[in-house]
Amino acid sequence: MSAPVTSRRSREVQPARATMRGWKSILKLMAAALALWLFLDATTLQHNAQVSPVGIRRTVALDLLGPIAAVARVTQVSRLETGFNQALGRTATGSGGHTFVVVLPPAASTNTQASTGKAHPPIHPDITTIPPNPMQNPTAANPVRVLLIGDSLGLDLGDSLQNSLASTGVVAATLDGKESTGLTRPDYFNWPAELASDLPKVSPEVVVVMMGANDPQAFPSPSIQYGTAAWNAEYLRRCIAFMKLATSTGATLIWVSLPPMQDPTLNAKVANINAIQKEAAAQVPNVIYVNSNPTLAPAGTFQPYILSGGQNVNVRTPDGTHISPQGGALLSQQVMGIMRTKLGIPLPG
Amino acid sequence: MLFPTIDFAIFFLVVFSLSWILRPYATPWKLFMLASSYFFYAWWNPRFVLLLVAETAIAHFGAQAIASAKTDRGRRNAMVVAVVVLIGILAYFKYVGFMAVNVDNIARSVGLGNVIPLIQPTLPIAISFFTFMAISYVVDNYRRQLEPARPIDVAVYLAFFPHLIAGPIVRGGELLPQIRRRNDGQHIDYARATELIVRGLFKKVVISSFISTAIVDPVFASPTSHSALDALFGIWGYAVQIYCDFSGYTDIAIGLALLLGIKFPVNFDRPYAAIDLQDFWRRWHITLSRWLRDYLYIPLGGNRGSQAEVMRNIMITMILGGLWHGADWTFLAWGFLHGAGQVVGHVRRTRRQAAGLPPVATGHLRRVNQVFWTFQFVCLAWIFFRATSFSNAFAVIGRLFSGWGAPTNLVTPMVVLAVVAVIAIQQVPVNFGERVAAWWSAQRMAIQVGLLSLVLLGITTLGPTGVAPFIYYRF
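Note that this is a predicted model, so its numbers are computed, not measured.

**Notes on the overall build of chain B**
Then step 1. Across its full length, chain B holds 19 helices and 1 strand.
Then step 2. Relative to a compact globule of 475 residues, whose C-alpha radius of gyration would be 23 Å, chain B shows 23 Å and is just as compact.
Then step 3. Taken over the C-alpha atoms alone, chain B extends approximately 70 × 65 × 55 Å along its principal axes.
Then step 4. For chain B, with 475 residues in total, the buried portion stands at 49%.
Then step 5. Long-range pairs, those at least 24 residues apart, make up 74% of the contacts in chain B with a sequence separation of at least 6.

Written out as C-alpha cells, the structure is:
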C-alpha cells in the first residue's frame, strides 16, 4: 500500500551493547531504587495516602509510610524533595488537575490565565474601580463577574458554561475546578478555603457550583461513616456553611444538582447528596437550587441520550457518571436561562 | 492498573520475581502469567475479564476449526465466522450506541419517530487492541502463517499484561514462540529496559500532563476565549501531548516486557520527522499501521489494480482506521483527512515516477520543507481527533484566523520549550537515552540505585498529583 505501511522486516528491540544482567541482580537493583525513592519521596506519598479514600488501602499505606516519613523528616532527607518543589515554585503536596481559567470579554481582557494551581491573577488591576450593578446592564467594559466552581462534573458544566458566557461578550467568567473533590475531604482539597481565596480576587456577582459526586464517603476526622444520620447532619452543616460563604460578598449562588448515575449504588448516594444540598439551599438566602434533571434526565432516571430539537443528543459519557460536552452545552443553556429569568441579567444570545 | 502508580510498581516487583522463578517450568509459568494478566485487567473492572476469556476462546476454537477443515472452503468459512464474531463483539461495545443514535436521528428527521433502542454499553478498556490481536491470530492461522497454539498459549498471547491495555499490537508469530521458549533469566538487557521505562514515565507523567493542563485542555475547552497564538500552540501542543502519552505508554510496555524476557516490536520511530503521510504511518503506531496493511488494505486489493482502485483502498483503510479509535464523526474525519492526504501523496509519487524522478524530492531544504508541511497536516488532522465535536474543531481552527490581537496568556516559555523540544529532538536520529543508559549501566550498583531513585523523584515531583489515564486506554 502506498498508505499506512511499514517495513515487513520484524523491527524488534535489540540489545546494542553488553548491558545484560541476571534477574536476581536486577530485582535487587529495582527493589533498592524503589526503596530509596520511597524514602526520598515519603512525605509526599504519605500526604497522598492521607487524602485517598478512607478504607483498608489507605490504612495500610499510612501504616507503612508513617515510620518511613518520620525517619525522612528526622534525617532531613525530605528537604531534598521540598527543595525540588521550592525550586519549581510549588507546594510539596502538588495540585495536579487543578483548573483555574479566567476568561474576560475582549474590552476587559487585561489578564487571563490558565494554571495548575499557581497563584491566581486578579481579574482587574484595581477591582474597586469597577462600576456597580453590571447585572442590570452588562457591557464588555463592565461585565458581569461569574465564578464557576466544582469537581469533575462541575468542570463538565464549567467548560461549556464558561465558553457560552464568554461568547456573550459581557461576562467575565472564572472557572475554578478540581477533579475528585468535594466537601467531605478538606484534607485533600479544601473548597471553603479555595472559595474564600477566590472571592476577593473575582468579586463575583454570580457563583455557580456543581459538586458532590465524590462526597459519599466517610469523614476522616472525626470519623463519621457515610450512610448514618450523623453523616447527613454533618454534610448538611458543611453545605450550609459553604453556601453562606459563597453568598457572603453579596453574590447570588446558583447550585446545580447532580444528574442520575448509571450505577444503582452511586445513583442512590447521589440522590441522598442532592436531597441534602437542596435542603441546605432552602436555608440560605440568595441561593437558587437548579435541578439538572429536566435537561439531563427528563425521565428522572439515568439517560445516555435525550431528545433536543427533535434529535437524539448524547448527554452522558460512557462511564455512566460524567456529562458529555453536548450535555454540558445543554446544561449551560439551562443555567444561562436561570441567569436571565431569575436574576434578570440581560445576556445576549 | 495504571503503569505510573505505586500499585503497579508493587505488582510488577512480585510478578517479575515469580515469573523468573517459574520460567524454567513452562505450564506453571504460563498459568502464573495468565493469572497475573487477568488480575491486572480486573483491577479496572473484573466483569470484563470474562470478555477477554470469551475472545480467547473464539480465537482458539476458530483456529482449531480452520486447522481441522477438510477443504479450502471450510477453512475460509471457519475463519469468516470467527472474525465476524470478534468484530461483532467489538461493534456491540464500541459502535452500537453511535450507530443507533444516528439511525434513530435519520428516522426522526423523515418522520418515522423512535425506531431503534438507544443504548450506551460500558466500553471495556483495550477491547480494540485485544480484538485486533485475536483477529490477526485467526487470520494468520487461515493463511498458514501460524499453527494452532495450545489454549494456554493463546490466552497468554492475548492477555500478556505489558501490551494488554494499549499495545503494541503484537502478532502471534512474534509472541507465541517467546511464550514457549524457556529463558534462563541470566541475560536480561536491563539498561535498555530501564531507559525505556524512565523515558516513558518522563514523557507521560511530566511532559504530556504539563502540556495537557497548561495549554491543550484550556484551548479545546474554550477556543473562542483564547488568542490565535494560544490556539496554534494548543494544536501543536496536542501533537506533542498525544505523542508523549502514547509513545510513553509503549516505551514502558516494551521495557517491562524486556525485563520479563519478551521482545516487543517497535511502535514509534520519530513520527514528526516524517517527510510525507506515508512516511508518517511508517513511524506512528507502527503495529496498527502494519495490521491495517496486512488485514485490510492488502485484502482489499492493495496497490494492485487501477489508480482509482488504489485510491479507494487507501480511503477505506484510513477511514476504518479512524473509526478504530472511536465511534464518532470526528474520528472518521481524522481518518478521512489522512486518507485524502495519502491519496494526494500517491498520485504525486506516481507522477514523479512516470516522469523519471525519484518518488520523493531529495535535497536538504526540500526535506525540511516536506517535514514542516507534513507536521502541519498531521496537526490539522489531530484537531479533529482531539475535538469533542465538529463545531469544537472548527472553533479551534477559526480561532487561528480570528484570534490575532487577542491577549495571549497560555503560551509561556515552558510551553514553548516543551513543544519545540519534543518536536526538535525527533529530527535528530540519535538516541541520547541509549547513550545515557549505557553510561549508567557501567557504574557501580550503588551509584545506579542512587541515580535511578533520584530520576524517579524528579519525575514524581515534576508530575501532577495523580496521573490521568493514557489517552489510548479508551481505544
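**Topic: the overall build of chain A**
Then step 1. For chain A, the count of helices and strands is 10 helices and 12 strands.
Then step 2. Buried residues in chain A amount to 43% of all 349 residues.
Then step 3. Sequence-distant contacts, at least 24 apart, represent 68% of the contacts inside chain A between residues at least 6 apart.

**Here we look at the pairing of strand E12 (residues 311–314) of chain A**
All names here are of chain A.
Then step 1. Only one face of E12 is covered, namely the one carrying Asn312 and Asn314; the face carrying Gln311 and Val313 has none of its residues buried.
Then step 2. Alignment of strand E11 (residues 305–308) against E12, held across 4 bridges, turns out to be antiparallel. When the sheet's bridge partners are listed, Ser308 is paired in E12 with Gln311.
Then step 3. Connecting E11 to the antiparallel partner E12 that follows it, the hairpin turn spans 2 residues, and Gly309 within it adopts a positive phi of roughly 65°.

**What about the confidence of the model for chain A?**
Residues and elements named next belong to chain A.
Then step 1. Here chain A averages 80 in pLDDT, and 78% of its residues register 70 or above.
Then step 2. Note on residues 1–17: pLDDT under 50 across the span, and 55 contacts to partners over four residues away in sequence or across chains.
Then step 3. The low-confidence segment residues 92–96, where pLDDT is below 50, has 18 contacts with residues more than four positions distant or belonging to other chains.

**Quick word on the nonpolar core**
Then step 1. One finds Ala134, Val138, Leu158 and Ala159 of chain B to be the most contacted residues of the largest nonpolar core, which totals 126 residues.
Then step 2. Counting only domains with at least three residues in this core, you end up with domain 1 (6–180) and domain 2 (190–275 + 360–425) of chain B.
Then step 3. With 59 residues, the next largest nonpolar core counts Ile149, Ala172, Tyr305 and Val315 of chain A among its residues.

**Some thoughts on helix H10 (residues 228–259) of chain B**
Residues and elements named next belong to chain B.
Then step 1. Here H10 is 32 residues long and its end C-alpha atoms lie 46 Å apart, about the 46 Å a rise of 1.5 Å per residue gives.
Then step 2. When you tally the buried positions in H10, you get 29 out of 32 residues, the bulk of the element.
Then step 3. A positive backbone phi angle near 85° is found at Gly261, which sits one or two residues after H10.

**Some words on the domain arrangement of chain B**
All names here are of chain B.
Then step 1. You can read the domains of chain B as domain 1 (6–180) and domain 2 (190–275 + 360–425).
Then step 2. On the side of domain 2, 12 residues touch domain 1, which itself brings 11 residues to the contact.
Then step 3. For the side of domain 1 that touches domain 2, the leading source of residues is helix H1 (residues 6–22), giving 3 residues.
Then step 4. The residue makeup of the side of domain 1 that touches domain 2, split by class, is 6 nonpolar, 4 polar and 1 charged.

**Some words on the environment of Ile224 of chain A**
Then step 1. Along the chain, the position of Ile224 of chain A falls in strand E8 (residues 223–224).
Then step 2. Not counting the four nearest positions on each side in its chain, Ile224 of chain A is found in contact with Ala218, Phe219, Ala230, Trp231 and Glu234 of chain A.

**Let's talk about the confidence of the model for chain B**
As a note on interpretation, predicted positions should not be read in detail where pLDDT is low.
Then step 1. Per-residue pLDDT for chain B averages 89, and the proportion of residues at 70 or more is 98%.
Then step 2. Interface confidence for the predicted complex, given as ipTM, is 0.77, next to a pTM of 0.81.

**Describing the packing of helix H7 (residues 229–246) of chain A against helix H8 (residues 264–283) of chain A**
All names here are of chain A.
Then step 1. Direction vectors running N to C along H7 and H8 enclose 45°, while the axes themselves pass 9 Å from each other. It follows that H7 is oblique to H8 by the angle criterion. For the element pair H7 and H8, the recorded crossing hand is right-handed. Each of Asn232, Tyr235, Leu236, Cys239, Ile240 and Met243 in H7 lies in contact with H8, whose residues at this interface are Ile276, Gln277, Glu279, Ala280, Ala281 and Gln283.
Then step 2. Taken together, the residues of the contact of H7 with H8 break down into 8 nonpolar, 3 polar and 1 charged.

**As for the pairing of strand E10 (residues 287–290) of chain A**
Then step 1. Pairing between strand E9 (residues 252–256) of chain A and E10 of chain A: 4 bridges, direction parallel. Counterpart to Trp255 of chain A in the pairing with E10 of chain A is Tyr289 of chain A.

**Focus on the environment of Gly321 of chain B**
Residue and element names in this part refer to chain B.
Then step 1. The topology assignment puts Gly321 in helix H13 (residues 307–325).
Then step 2. According to the C-beta neighbour criterion, Gly321 is buried, with 24 such atoms within 10 Å.
Then step 3. Considered as a pair, Gly321 and Leu332 are 11 residues apart in the sequence and their alpha carbons are 8.3 Å apart.

Procedures and definitions
- Residues numbered from 1 in each chain as written.
- Chains lettered and ligands numbered in written order.
- Predicted model: local features only at pLDDT ≥ 70, side-chain atom pairs only at ≥ 80, totals over all residues.
- Helix = DSSP H or I, 4+ residues; strand = E, 2+ residues; numbered from the N terminus.
- Rg over C-alpha atoms; globule rule 2.2 N^0.38 Å.
- Buried ≥ 20, exposed ≤ 12 C-beta atoms within 10 Å, placed from the backbone.
- Contact = placed C-beta atoms within 7 Å.
- Pairing = 2+ DSSP bridges.
- pLDDT = per-residue confidence, 0-100.
- Core = buried A, V, L, I, M, F, W, Y, C linked by C-beta atoms within 7 Å.
- Domains from an automatic or database assignment.
- Expected span 1.5 Å × (residues − 1).
- Nonpolar A, V, L, I, M, F, W, Y, C, P; charged D, E, K, R; others polar.
- Axes fitted to C-alpha atoms, helices over the stretch in contact; angles between N-to-C directions.
- Parallel < 35°, antiparallel > 145°, perpendicular 65-115°, else oblique.
- Left-handed = near helix turned anticlockwise from the far one by under 90°.

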